[in-house]
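Listed here are the chains, written in short residue letters.
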Amino acid sequence: MHGNLPKRAFRVVLIKPSHYDQDGYVIQWLRSTLPSNSLASVYGLIEECARDRVLGPDIDIEVEACDECNTIVDVAGAAKRIRAAGAGMVGLIGVQSNQYPRALDLARQFRAQGLTVVMGGFHVSGCISMLPALPADLQEARDLGIHLFAGEAEGRMAEVLRDVAADRAKPIYNYLNDMPEMAAAVYPILPRALVTRVAGHYSSFDAGRGCPFQCSFCTIINVQGRKSRYRTPDDVEAIVRANAAQGITRFFVTDDNFARNRNWEPILDRLIELREREKFNIKLLLQVDTLCHRIPNFIEKSARAGCTAIFLGLENINPESLMGAKKRQNKIWEYRDMLLAWRAQKVMTYAGYILGFPTDTPATIARDIEIIKKELPVDILEFFYLTPLPGSEDHKNLYMRGVPMDPDMNKYDLEHACTAHPLMSKETWTQVYADAWRRYYTDEHVETIMRRAIVSGINRTKVLDSLTIFSGAARIDGVHPLQFGFFRRKLRKQRRSGMPIRNPLAFYPWRALDFLKVTSQWLRLIWRYRRIMARVTKDPAAGNYVDEALRPHTGAGETDHFVEVFADKIPHTHGAPVRVAAAVAAAAE
Ligand code: B12
Ligand code: SF4
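Note that the coordinates shown come from a computational prediction; the quantities given were computed from them, not determined experimentally.

*Asks:* How should helix α4 (residues 122-130) be read in this particular structure?
*Replies:* The periodicity of an α-helix, 3.6 residues per turn, causes residues three or four places apart in sequence to face the same way. Of all 9 residues making up α4, 7 are buried, and the element is well covered by its neighbours. Along α4, the residues that are buried comprise His 123, Val 124, Ser 125, Gly 126, Cys 127, Ile 128 and Met 130.

Here's what the structure looks like:
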């Protein structure tokens, strides 16, 4: 019917910005290690708009995407392609607080080319959700003519595209009070060429959003809500099939807490069916909470569905800190049972540990890390600063009380001290963070982790690779392992605005030396860890290895040594075992 209409195009350029290192260069790699689910989500939504021809039958919607963590953004090239199409926009995707200054620098360049820019993600959503007025940095974006999108875009993308195409885009789209249902929502997808820029070719999807807990440092509950919204098993199957059709079967399931996804069981059952009946080689990386072992069948079914590794928010082992952060659900006396349950299924465990709770001191942190090494069978421990992230209750409280916080959003990457600590100076806190990586990843403990992995039947290559990356990323490359990639790029001209572009004669020798230093440190670390692994593997006693952390609890009356250390900090209402209080009373007599 519309065959005679002349074709026009509307080109959407999606960019997931990275952020700056301490020298002002974009943190960027030849290959990144984790996929961007925000990018995949928005890509899926734009593709749907293109299929539905939401701008009219005669307008083709074209879409291109890039994750700046693994791809150089070519502003002039993108602007040229939009102009060649005749119309279009730039979408800055999933912008976190730490990425906001970089996003703004990119936006400035696109605005200078006269293009429409729309920005969404957790910084915009978190600030608008929690603060009484638009903060100065979001106002700056508005002053540059950047359109802001707060909330989730499922079901709303067509409206944004139509508004931009008609040159009537709103300054701010705010859907924070209207969360879309996830059942039958469009799902995240990226073309294979983008997925293969991630080492290991991991793709991603969120099987649900929302978390019922109330941790005060968390932004998620204030943006995505506390009610569990979830995809259907049919949709998850469709995501797996669409990816498998392009040769991708590894997934990072980005639910912040998959154990609280109310649909976890039918979803896992469906994945088990795909694996066991249709022989899909599915591998999953899940994020779960520390009580997940109490959910009948959860761990067993996760493993059968292809889960080979989990991320856990252990956060701390001091109950006082956990209570202070409203992380009441973390029950330290169950940590070992929970970790052993995953090991029994040969699943590797990565745990996040937050440094800088109000009662933390260098001495308590050092003590706690030693306790973990000895008593908890966790494989990888990763450290974060307690950070008042915009969108969290902690940030809102400090903001409302006028407590000073670092104004540079680039530092809100959980790798910097962004506000004062009651007991530690900024220098001490910074030193504690650097020491934490050194203290956990000693060669001796790396060997222990390898021995535990071998006796538990956990994939030794995976353990060796993870130990190398998590031990080296912060210490050698100066970036958190979650931002790590292979072969760092530093482009002379992609420097933070306000910092000088260095003369090539100064830049390239500096960069060459920097490269040689980092590469030699990595080679030494890789060589050392390989030798340790070879020694452990050859040891005839490796199959009988046992230590305190691997020892299961033997009876109802047994308590971990470390739980007794913290016995007086565990509130009575916290469901703590009575035996702890009894043990402490007995010791006092
Ligand atoms: C998966 C994930 C990662 C992955 C991938 C990153 C990604 N964004 O995809 C990895 C592991 C790499 C990662 C790393 C980090 N992460 Co992270 N991550 C997440 C997580 C769990 C899910 C992200 C996601 O896919 N959400 C679902 C999508 C659909 O939601 P969305 O991003 O908000 O996008 C929707 C809307 O915002 C909107 N939208 C977004 N962009 C745009 C653009 C336009 C034009 C429009 C119209 C709409 C729109 O539409 C989307 C669809 O509804 C979130 C928590 C969460 N629940 O979101 C934390 C989260 C985003 N991460 C966070 C942080 C702090 C980090 C790190 C800095 C910390 C660290 N060291 O781990 C690093 C940074 C490194 C990096 N390069 O990203 C914080 C950010 C908080 C803040 N205020 O900045 C969050 C919120 C978690 C938290 N701790 O509170 N992360
Ligand atoms: S358990 Fe995780 S997602 Fe849930 S509120 Fe706490 S930090 Fe946020």
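And the narrative resumes.
*Asks:* Explanation requested: the site of ligand 1 in the structure shown.
*Replies:* Near ligand 1 you find 43 residues, and of these Ser 38, Ser 97, Glu 154, Thr 219 and Asp 256 are the closest. At 2.7 Å from an oxygen atom of ligand 1 is found a side-chain nitrogen or oxygen belonging to Ser 38. Contact between ligand 1 and Gln 96: a nitrogen atom at 3.2 Å from a side-chain N or O atom of the residue. At 3 residues, the largest contribution of residues to the shell around ligand 1 is made by helix α1 (residues 37-51). Counted by class, the shell around ligand 1 contains 17 nonpolar, 19 polar and 7 charged residues.

*Asks:* I would appreciate a short explanation of the site of ligand 2 in the present structure.
*Replies:* As a structural note, the neighbourhood of ligand 2 is formed by Cys 211, Phe 213, Cys 215, Phe 217, Cys 218, Ile 221, Asp 256, Lys 327 and Gln 329. The class makeup of the residues in the shell around ligand 2 is 6 nonpolar, 1 polar and 2 charged.

*Asks:* When you look at the sheet that holds strand β15 (residues 380-385) in this model, what are you seeing that I'm missing?
*Replies:* By definition, the strands of a sheet pair up through backbone hydrogen bonds, in either a parallel or an antiparallel sense. The 6 strands lie next to each other as β8-β11-β12-β13-β14-β15, forming an open sheet whose pairing is parallel. Two strands lie at the open edges of the sheet, namely β8 (202-205) and β15, each paired on one side alone. Each neighbouring strand pair of the sheet contributes to a mean axis angle of 20 degrees, computed without reference to strand direction. Note: strand β11 (residues 250-253) against strand β12 (residues 283-288), 3 bridges, orientation parallel. By the bridge assignment, Arg 250 is partnered in β12 with Lys 283.

*Asks:* I'm lost on the pattern of salt bridges in this one. Help?
*Replies:* Pairing is possible between side chains of opposite charge, provided their charged atoms come close. With the rule as written, the count across this model stands at 44 salt bridges. Arg 11 is the salt-bridge partner of Glu 64, the closest N and O atoms lying 2.8 Å from each other. Separated by 53 residues along the polypeptide, Glu 64 in strand β3 (residues 59-67) and Arg 11 in strand β1 (residues 8-16) bring together distant segments of the chain. Judged on exposure class, the residue Glu 64 and its partner Arg 11 are both buried. Across the pair Arg 496 and Asp 408 runs a salt bridge, and its minimum N-O distance is 2.9 Å. Residue Arg 496 is found in the loop between β16 (485-489) and α19 (504-538), and its partner Asp 408 is found in the loop between α15 (393-401) and α16 (426-440); the two are separated by 88 residues along the sequence. Asp 408 carries the same exposure label as Arg 496, and that label is buried. Linked by salt bridges that have partners in common, Glu 152, Glu 154, Asp 206, Arg 209, Arg 229 and Arg 231 make up one network.

*Asks:* What should I look at first to understand the side chain of Arg 336 in this one?
*Replies:* Along the polypeptide, Arg 336 turns up in helix α13 (residues 335-344). Contacts of Arg 336, omitting those with residues within four sequence positions, involve Glu 375, Leu 376, Pro 377, Glu 548, Ala 549, Arg 551, His 553 and Asp 560.

*Asks:* Just to check I follow, could you spell out unusual backbone geometry for this structure?
*Replies:* A negative phi angle is the norm for most residues apart from glycine, just as the trans form is the norm for most peptide bonds. Phi at Lys 346 is positive, roughly 65 degrees, even though this residue is not glycine. Checked against the element boundaries, Lys 346 lands in the loop between α13 and β14 (348-355). With a phi angle near 65 degrees, Phe 487 is a residue other than glycine that sits in the positive phi range.

*Asks:* Is there a simple way to think about α15 in this case?
*Replies:* Every buried residue of α15 is listed here: Asp 394, His 395 and Leu 398. In a view along the axis of α15, the buried residues occupy a sector of 95 degrees, so they form one face of it. Where α15 terminates, the next one or two residues include Gly 402, which has phi positive at roughly 70 degrees.

*Asks:* For this particular structure, what's the right way to read the packing of α1 against helix α6 (residues 157-165)?
*Replies:* Think of two packed helices as two axes; the pair is described by the angle between the axes and how far apart they sit. The interhelical angle for the contact between α1 and α6, taken along N-to-C directions, is 65 degrees, at an axis separation of 9 Å. The angle between the axes of α1 and α6 places the two elements in the roughly perpendicular class. Classified by chirality, the crossing of α6 by α1 is right-handed. Residues Val 42, Leu 45, Ile 46 and Cys 49 of α1 form the contact with α6, whose own contacting residues are Met 157, Ala 158 and Leu 161.

*Asks:* Help me out: how do you make sense of the environment of Ile 239 in this one?
*Replies:* Following the sequence through the fold, Ile 239 ends up in helix α9 (residues 233-244). Judged by its relative accessible area of 0%, Ile 239 falls in the buried class. Spatially, the C-alpha atoms of Ile 239 and Leu 467 are 31 Å apart, while their sequence positions differ by 228 residues.

*Asks:* Is there a simple way to think about the sheet that holds β1 in this case?
*Replies:* Sheet architecture is open: 6 strands sit in the order β3-β1-β4-β5-β6-β7, paired in parallel fashion. One side of each edge strand has no neighbouring strand; the edge strands of this open sheet are β3 and β7 (172-174). Neighbour to neighbour, the strand axes of the sheet diverge by 20 degrees on average, direction disregarded. Bridge count for β1 against β3 is 9 bridges, and the pairing is parallel. Within β3, the residue paired with Ile 15 across the bridge is Cys 66. In the packing of helix α2 (residues 75-85) onto the sheet, contacts are made with β1, β3 and β4 (88-92), and the angle to β1 comes to roughly 160 degrees. With respect to the sheet, helix α3 (residues 100-112) is in contact with β1, β4 and β5 (117-120), its orientation differing from that of β5 by roughly 170 degrees.

*Asks:* Any chance you could explain the nonpolar core here in plain terms?
*Replies:* Side chains of a nonpolar character, in soluble globular proteins, are inclined to be buried together. Counting 108 residues, the largest nonpolar core has Leu 271, Phe 298, Trp 342 and Phe 383 as the members making the most contacts within it. Discounting chain neighbours no more than four positions away, the residues touching Phe 298 are Phe 258, Ala 259, Trp 264, Leu 268, Val 288, Cys 292 and Trp 342. Counting residues in each nonpolar core, the second largest holds 34 residues, with Tyr 43, Val 118, Val 164 and Ile 248 among its members.

*Asks:* Would you explain the environment of Ser 471 in this entry?
*Replies:* As for its placement among the helices and strands, Ser 471 is situated in helix α18 (residues 460-477). The buried category is assigned to Ser 471, whose relative accessible area is 1%. On a C-alpha basis, the gap between Ser 471 and Ala 150 in space is 36 Å, while along the polypeptide they are 321 residues apart. Apart from residues lying up to four places away in sequence, Ser 471 is in contact with Tyr 441, Ser 466, Leu 525 and Tyr 529.

*Asks:* Would you mind showing me how to read the packing of aromatic side chains here?
*Replies:* Two descriptors summarise a pair of aromatic rings, namely the distance from one centre to the other and the angle between the planes of the rings. With the rule as written, the count across this model stands at 23 aromatic pairs. Aromatic pair Trp 264 and Phe 298: ring centres 5.0 Å apart, planes at 80 degrees, arrangement edge-to-face. Highlighted residues: Trp 264 in helix α10 (residues 264-276) and Phe 298 in helix α11 (residues 298-304), separated in sequence by 34 residues. Here Trp 264 falls in the buried class, since its relative accessible area comes to 9%. When its relative accessible area of 0% is taken as the criterion, Phe 298 is described as buried. Look at Tyr 440 and Tyr 441: their rings are 4.8 Å apart centre to centre, the planes differ by 80 degrees, and that puts the pair in the edge-to-face class. The pair formed by Tyr 440 and Tyr 441 is uniform in burial state, with each residue classed as buried. One aromatic cluster is present, formed by Tyr 353, Phe 383, Tyr 385, Trp 429, Tyr 433, Trp 437, Tyr 440 and Tyr 441 through successive ring pairs. Positioned above the aromatic ring of Trp 29 is the side chain of Arg 488, whose terminal nitrogen or guanidinium carbon lies 5.8 Å from the ring centre.

Rules used in this analysis
- Residues numbered from 1 in each chain as written.
- Chains lettered and ligands numbered in written order.
- Predicted model: local features only at pLDDT ≥ 70, side-chain atom pairs only at ≥ 80, totals over all residues.
- Heavy atoms only, no water.
- Buried < 20%, exposed > 50% of the residue type's maximum accessible area, 1.4 Å probe, protein only.
- Helix = DSSP H or I, 4+ residues; strand = E, 2+ residues; numbered from the N terminus.
- Near = heavy atom within 4 Å.
- Polar contact = N/O pair within 3.5 Å; in protein donor to acceptor, adjacent residues only side chain to side chain.
- Nonpolar A, V, L, I, M, F, W, Y, C, P; charged D, E, K, R; others polar.
- Pairing = 2+ DSSP bridges.
- Axes fitted to C-alpha atoms, helices over the stretch in contact; angles between N-to-C directions.
- Salt bridge = Lys/Arg side-chain N within 4 Å of Asp/Glu carboxyl O.
- Contact = heavy atoms within 4.5 Å.
- Arc of directions from axis to C-beta.
- Parallel < 35°, antiparallel > 145°, perpendicular 65-115°, else oblique.
- Left-handed = near helix turned anticlockwise from the far one by under 90°.
- Core = buried A, V, L, I, M, F, W, Y, C linked by side-chain atoms within 4.5 Å.
- Phe/Tyr/Trp six-rings, centres within 6.5 Å; stacked < 30°, edge-to-face > 60°.
- Lys NZ or Arg CZ within 6 Å of the ring centre and 35° of its normal.

Read these as geometric descriptors, not functional statements.
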